[in-house]
Amino acid sequence: MNALIIFGLLIALMLTGMPISISLGLTVLSFLFLMTDVPVAAVALKLFTGIEKFEIMAIPFFILAGNFLTHGGVARRMINFATSMVGHWHGGLGMAGVLACALFAAVSGSSPATVVAIGSIILPAMVAQGFPKNFGAGVVTTSGALGILIPPSIVMVMYCVATTGHPQAPSIGQMFLAGVVPGLMLAAFLGFTTWYRARKFGYPRLPKANARQRWHAFRESFWGLLLIVVVMGGIYSGIFTPTEAAAMAAVYAFIVAVFIYRDMPLTRVPKVLLDSASMSAMLLYIITNAVLFSFVMTSEQIPQNMAAWIQGQNLSVWVFLLVVNIVLLAAGNFMEPSSIVLIMAPILFPVAMSLGIDPVHFGILIIVNMEVGMCHPPVGLNLYVASGITKMGITELTVAVWPWLLTMLIFLGLVTYVPAISLWFPRLIGVM
Amino acid sequence: MKILDRLEETLIATLMAAATLVIFVAVMHRYLSGVAFIQDYVIHWNLAWAQEVCIYMFVWMAKFGAAYGVRTGIHVGVDVVINRLRPDIRGRFVVFGLLAGALFTGVVGTLGANFVYHIAETEQVSADMELPMWLVYLAIPLGSYLMCFRFLQVAWTFIRTGELPHHDHAQVDGIDPVEAANEGGPA
Amino acid sequence: LSTAWAQDQIVIKFSHVVAPETPKGKGAEKFKELAEKATNGKVKVEVYPNSQLYKDKEELEALQLGAVQMLAPSLAKFGPLGAKEFEVFDLPYIFPNKDVLRRVTEGPIGKQLFQKLESKGIIGLAYWDNGFKIMSANKPVIKPEDVKGLKMRIQSSKVLDAQMRALGALPQVMAFSEVYQALQTGVVDGTENPPSNMYTQKMHEVQKNATLTDHGYLGYAVIVNKKFWEGLPADVRTGLEGAMKEATAYANDIAQNENDVSLAQMKASGKTAFHTQTKEEREAWVKALKPVHKDAESRVGKDLIESIYKEAAAAGFKM
Ligand code: NA
Ligand code: NA
């Protein structure tokens, strides 16, 4: 009963268009005021302590690092390198777009940021070369989603935050490592779709770059690529914790953008800081309110009862995962990934654990699901961003992305039912 | 008003930079402490407070940044439904949403002020820096009241002019698509 | 849920931050069972393990606000609350053995310490053990000098920070849940834990060496909200006090047993080499760490430290 009231109120408030964070907060306040004996003063406490955790601080650091990279010419050099490697294949610049997105995803933690960084440079170039606009838009909108699957990933940090306290909660390091293989696989899948369609429609190819040109492009992009080593190498060699790695990435990206590539004047640094702070604050505000929300859920024993109920249904793992995917895909119509993960993970996670599903595998399938959600209307952050870059309408874009979206859905099925895709690599490295 | 805007912007940008620097220095310090001949000089520096100060700076940044975000329209909501309504009805929902924001942040600000008042009566200090906790928690009432004010400000502007601040995720300063196209093409 | 609405039943929300299977978790469950029986069901105890409701950092404030009624935080948490005297429990080699520890916690010193909490709206009911600590690292730590230059993970505490610095190590504050990976990857070189904590976090898999130093004590205090406690009917309070006494003995037994079993299993695994100190080695450690007592005098009070020395002397230890 209480669960129905809480969710009903939350959904009603959200549909009025108010910020998700405010809907969460107001739901909690009304519930606490009217229906429980939990003192409302606990709300003020939770609003501070909800984000008082060093692991969460990886989020602002990764956002700052990403902004320095986007503004600082790293993306452009990565595109040039990718082009020199795969530009002569069918789909030329399109293939380069997929590869460049995968490379940028390995240094950035956000999907829309990847779409912006790669898309705003490569899309005009593709149009100038004679690609239809919707082909490029489809490639970049979907490949940009790799931003949250290939580590580092802000949404993976959110997943770890949302499951904190559960004895089986995964660590950020485990999640990051688990994202590597699925990330590369999805990049290959998207690349194949690009290649196949380009061959079918006879889109332009570029002249093959020679070894010297490739070496030159690699050297140019070297400082950007080195960040992959700083972040992932730093975490797994034990030099940094994930949060520290994020802070080091921010400092490193600043140095590369301002002093090595010199694409960003020092005078623009305050603006980048302000934009990053504002984006981080928005996410941290959602986190605080989501933490508050799951606190109320827990003190009403809702996830526990739900877990017991689902166990009572004797659902097989197979069916449960199907239901999870459907629920999350439905949620992806209305909300962006951070909110979905923060609201849904605390509820679904205990059930998944009771069914014996691996916490890391469960996380990866949620992330892939979120990637799909970002690329389809009505709410899809990647779609919005791509629409801003290409000046295409959302409807037009929706048609443009479908071949790649279908590819992602097939991949989602694979990741859901083949846990080894997510678990093989972290087990090989020995972190699980 | 301009001064308040500038203060807000300067505060959050500075906190962002400072937190990054603190962690950078702490990590560097940890590694320099492992190098034999530097060790004796730096191991005495006590940087145990670095994590704590970073967390507190980010919490303050989050509270004031959230207020800044109201002014710049960065807080995302589910607007697909109301966007299909008649403009005048949509307008009512927008005002309702903004006032709900003001209500929530106003209530939280008051709860927070109360909380800070109670904590101030105790002798609680933070674990590492031993800062008085009431000072640390002051971010809640200050940030929330500022956010409440921003919601009212935006609502007032919307009622008068019909304009809402809107954050454009595709807008990246310094990247001009046309110029980028010329540079970005392959050699 | 319906019972929570019943008017005549008193509900105690007992929140803690560890798993139900740990000694503290079992102690909480035992108290629930005994308390409900002792009060003939007048009291209902709801145990919330694993930080489900409140995390480490917020549970004390939640108790003061009355959002929960009962907690069992580690003793190190009371320093930041304004009761610095509790930092005395963190001092290395302040308790030569368990007998001295009991003389302190069950005698007048323990009572005096609990009185410091009353002005903060808290009443202390009992001290629960976790155990005495092992020093571990990826190299043998036989002599105190062996720790010099190592990055050692500690719980956030001024005294533990000073303790590691006295050994010439670099203390690193880190969340308990992150320690395994930090040790595995070398973010930190070593740490200190009672055997059961070391074993449940599988730290023996990622530490080559350990010495049974018993240098420090880790314990908890079971506390209640003062207003709530004093508002209880006298017979209920007496019943709960009896239940707590019994639960305390039970929790301490389990803690000891858990530590013994964990140590045996870690030894059997062969992944960590455990070293038992000789008398001389123990003396060298005590000598290296004793200055920390002196440094702490300004924070915890000279009198308190000396009163513990007196208890130790009464038990036959010269401090
Ligand atoms: Na990424
Ligand atoms: Na969507």
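Cut-offs used in this document
Residues numbered from 1 in each chain as written. Chains lettered and ligands numbered in written order. Predicted model: local features only at pLDDT ≥ 70, side-chain atom pairs only at ≥ 80, totals over all residues. Heavy atoms only, no water. UniProt positions renumbered as here; feature names shortened; annotations may be inferred. Helix = DSSP H or I, 4+ residues; strand = E, 2+ residues; numbered from the N terminus. Buried < 20%, exposed > 50% of the residue type's maximum accessible area, 1.4 Å probe, protein only. Contact = heavy atoms within 4.5 Å. Rg over C-alpha atoms; globule rule 2.2 N^0.38 Å. Areas by Shrake-Rupley, 256 points an atom, 1.4 Å probe, with all protein chains shown as cover. Lys, Arg positive; Asp, Glu negative; His and termini not counted. Charge placed at Lys NZ, Arg CZ, Asp CG, Glu CD. Buried area = accessible area lost by both parts, 1.4 Å probe. Salt bridge = Lys/Arg side-chain N within 4 Å of Asp/Glu carboxyl O. Polar contact = N/O pair within 3.5 Å; in protein donor to acceptor, adjacent residues only side chain to side chain. Nonpolar A, V, L, I, M, F, W, Y, C, P; charged D, E, K, R; others polar. pLDDT = per-residue confidence, 0-100. Expected span 1.5 Å × (residues − 1). Arc of directions from axis to C-beta. Donors = N, O, S within 2.8 Å, 3.2 Å for Na, K, Ca; no water. Axes fitted to C-alpha atoms, helices over the stretch in contact; angles between N-to-C directions. Parallel < 35°, antiparallel > 145°, perpendicular 65-115°, else oblique. Pairing = 2+ DSSP bridges. Right-handed = clockwise from strand over helix to strand, strands pointing away. Core = buried A, V, L, I, M, F, W, Y, C linked by side-chain atoms within 4.5 Å.

- Per an unreviewed UniProt entry, chain B is named TRAP transporter small permease protein, and its organism is Azospirillum humicireducens.
- In its Sequence similarities (unreviewed entry) section, the UniProt record describing chain B reads: "Belongs to the TRAP transporter small permease family."
- Quoted verbatim from the Subunit (unreviewed entry) heading of the UniProt record, the comment on chain B is "The complex comprises the extracytoplasmic solute receptor protein and the two transmembrane proteins."

- Per an unreviewed UniProt entry, chain A is named TRAP transporter large permease protein, and its organism is Azospirillum humicireducens.
- Reading the Subunit (unreviewed entry) entry of the UniProt record for chain A gives the comment "The complex comprises the extracytoplasmic solute receptor protein and the two transmembrane proteins."

## Some words on the overall build of chain B
- For chain B, the count of helices and strands is 7 helices and 0 strands.
- Going residue by residue from the N terminus, the α and β elements of chain B occur as α-α-α-α-α-α-α.
- Taking all 187 residues of chain B together, 47% fall into the buried category.
- Within chain B, contacts between residues separated by at least 24 positions form 75% of all contacts whose residues are at least 6 apart in sequence.

## Regarding the overall build of chain A
- In terms of helices and strands, chain A carries 20 helices and 0 strands.
- The globule rule puts the C-alpha radius of gyration for 432 residues at 22 Å, and the 22 Å found for chain A is close to it.
- Seen along its three principal axes, the alpha-carbon backbone of chain A occupies a region of about 70 × 45 × 45 Å.
- Residues counted as buried form 67% of the 432 residues belonging to chain A.
- The long-range fraction of contacts in chain A, counting pairs at least 24 apart against all pairs at least 6 apart in sequence, stands at 79%.
- On chain A, roughly 13,500 Å² of surface is accessible, and the fraction owed to carbon and sulfur atoms is 69%.
- Each charge class in chain A can be summarised by its mean position, and for the 18 positive and 12 negative side chains these summaries are 21 Å apart.

## A short note on the interface of chain B and chain A
- Listed by partner, the interface residues are 68 residues for chain B and 76 residues for chain A.
- Both faces combined, the contact of chain B with chain A buries some 6,200 Å², and carbon together with sulfur accounts for 79% of it.
- Across the contact surface, chain B and chain A share 1 salt bridge.
- The closest approach of N and O atoms between Glu-244 of chain A and Arg-30 of chain B, which form a salt bridge, is 2.8 Å.
- Inspection of the chain B/chain A interface yields 5 residue pairs in polar contact (both at pLDDT 80 or more).
- Elements supplying a minimum of two residues to the side of chain B that touches chain A: helix H1 (2-32), helix H3 (50-72), helix H4 (87-121), helix H5 (133-137), helix H6 (139-161) and helix H7 (177-184) of chain B.
- The residue makeup of the side of chain B that touches chain A, split by class, is 47 nonpolar, 15 polar and 6 charged.

## Observations regarding the environment of Lys-302 of chain C
Residues and elements named next belong to chain C.
- On the secondary structure map, Lys-302 appears in helix H13 (residues 302-314).
- Lys-302 gets classed as partly exposed once you look at its relative accessible area, which sits at 42%.
- A sequence separation of 261 residues divides Lys-302 from Gly-41, and the C-alpha atoms of the two residues are 46 Å apart.

## Some thoughts on the confidence of the model for chain A
- Averaged over every residue, the pLDDT of chain A is 88; residues scoring 70 or more account for 100%.
- Looking across chain A, the model is least confident in helix H18 (residues 381-390) of chain A, with a mean pLDDT of 79, and most confident in helix H17 (residues 359-374) of chain A, with 94.

## Re the interface of chain A and chain C
- Between chain A and chain C, the contact holds 34 residues from the first and 22 residues from the second.
- The contact between chain A and chain C buries some 2,100 Å² in all, and 53% of this surface belongs to carbon and sulfur atoms.
- Taken together, the connections running from chain A to chain C amount to 1 salt bridge.
- Of the charged contacts, one joins Glu-58 of chain C and Lys-46 of chain A as a salt bridge, the two residues approaching to 2.6 Å between their closest N and O atoms.
- The tally of links from chain A across to chain C stands at 3 residue pairs in polar contact (both at pLDDT 80 or more).
- Only helix H3 (41-49), helix H10 (172-201), helix H11 (211-236) and helix H13 (269-299) of chain A provide two or more residues apiece to the side of chain A that touches chain C.
- For the side of chain A that touches chain C, the element with the highest residue contribution is H3 of chain A, accounting for 5 residues.

## What to know about helix H15 (residues 317-331) of chain A
Residues and elements named next belong to chain A.
- Here H15 is 15 residues long and its end C-alpha atoms lie 21 Å apart, about the 21 Å a rise of 1.5 Å per residue gives.
- Within H15, the full set of buried residues consists of Phe-320, Leu-321, Val-324, Asn-325, Leu-328 and Ala-331. The arc enclosing the buried residues of H15, seen along the axis, measures out at 135°, which places them on a common side. Exposed side of H15, more than 90 degrees from the buried face: Trp-318 and Ile-326 are the residues found there.

## A look at the coordination of the sodium ion (ligand 1)
Residues and elements named next belong to chain A.
- Those donors, Ala-105 (O), Ser-108 (O), Gly-147 (O), Ile-150 (O) and Pro-152 (O), are the protein atoms that reach the sodium ion (ligand 1), and they lie 2.2 to 2.4 Å from it.
- Here the donor residues for the sodium ion (ligand 1) map to a single chain with the spacing A-x2-S-x38-G-x2-I-x1-P. The same class applies to Gly-147 and to Pro-152, which are both buried.

## Brief notes about the packing of H17 of chain A against helix H19 (residues 394-417) of chain A
Residues and elements named next belong to chain A.
- Where H17 contacts H19, the two axes come as close as 10 Å, and the packing angle between them is 170°. By the criterion of interaxial angle, the relationship of H17 to H19 is roughly antiparallel. Seen from H17, the contacting residues are His-361, Ile-364, Leu-365, Val-368, Asn-369, Glu-371 and Val-372; seen from H19, they are Leu-405, Met-408, Leu-409, Phe-411, Leu-412, Val-415 and Thr-416.
- Looking at the contact of H17 with H19, its residues break down into 10 nonpolar, 3 polar and 1 charged.

## Looking at the side chain of Asp-358 of chain A
Residue and element names in this part refer to chain A.
- Tracing the sequence through the fold places Asp-358 in the loop between helix H16 (337-354) and H17.
- Engagement of the side chain of Asp-358 in a polar contact is seen with the backbone nitrogen of Val-360, the distance being 2.8 Å.
- In terms of polar contacts, Asp-358 uses its side chain to reach the backbone amide nitrogen of His-361, at 3.2 Å.
- Setting aside chain neighbours within four positions, we find Asp-358 in contact with Met-353, Leu-423, Arg-427 and Met-432.

## Remarks on the pairing of strand S1 (residues 10-15) of chain C
Residues and elements named next belong to chain C.
- Pairing of S1 with strand S2 (residues 43-48), which is carried by 6 bridges, proceeds in the parallel orientation. Among the inter-strand pairings, Val-11 is bridged to a residue of S2, identified as Lys-44.
- Running through helix H2 (residues 23-38), the crossover from S1 to the neighbouring parallel element S2 is right-handed.

## Looking at the sheet that holds strand S6 (residues 151-154) of chain C
Residue and element names in this part refer to chain C.
- Here 6 strands make up an open sheet; going across it, the order is S7-S6-S8-S5-S9-S11 and the pairing mixed. Strands at the two margins of the open sheet, each flanked by one partner only, are strand S7 (170-173) and strand S11 (273-276). Direction aside, neighbouring strands of the sheet carry axes that sit 25° apart on average.
- Sheet analysis places strand S5 (residues 134-137) next to strand S9 (residues 209-212), joined by 3 bridges and oriented antiparallel.

## Overview of the nonpolar core
- Grouped together as the largest cluster of nonpolar side chains are 290 residues, with contacts concentrated most on Ile-287 and Phe-362 of chain A together with Phe-78, Phe-86 and Phe-95 of chain C.
- The biggest single contributor to this core is H13 of chain A, with 18 residues.
- Other than its neighbours up to four places away in sequence, Phe-86 of chain C contacts Leu-75, Phe-78, Leu-113, Phe-114, Leu-117 and Tyr-127 of chain C.

## Notes on the side chain of Glu-52 of chain A
- With respect to the helices, strands and loops of the structure, Glu-52 of chain A is situated in the loop between H3 and helix H4 (58-71).
- On the basis of relative accessible area, Glu-52 of chain A is assigned to the buried category, the value being 6%.
- Polar contacts involving the side chain of Glu-52 of chain A include one to the side chain of Tyr-56 of chain B, which spans 3.4 Å.
- With residues near it in sequence (within four places) discarded, Glu-52 of chain A still touches Ile-55 and Tyr-56 of chain B together with Lys-55 and Lys-57 of chain C.

## Side note on the pattern of salt bridges
- Summed over the entire model, instances satisfying the criterion amount to 30 salt bridges over all chains.
- Arg-299 of chain C is the partner of Glu-130 of chain B in a salt bridge, and the nearest nitrogen-oxygen pair spans 2.6 Å. Taken together, the residues span two chains, with Glu-130 of chain B in the loop between H4 and H5 and Arg-299 of chain C in helix H12 (residues 291-300).
- Through salt bridges with shared partners, one network takes in Asp-5, Glu-8, Glu-9, Arg-71 and Arg-150 of chain B.

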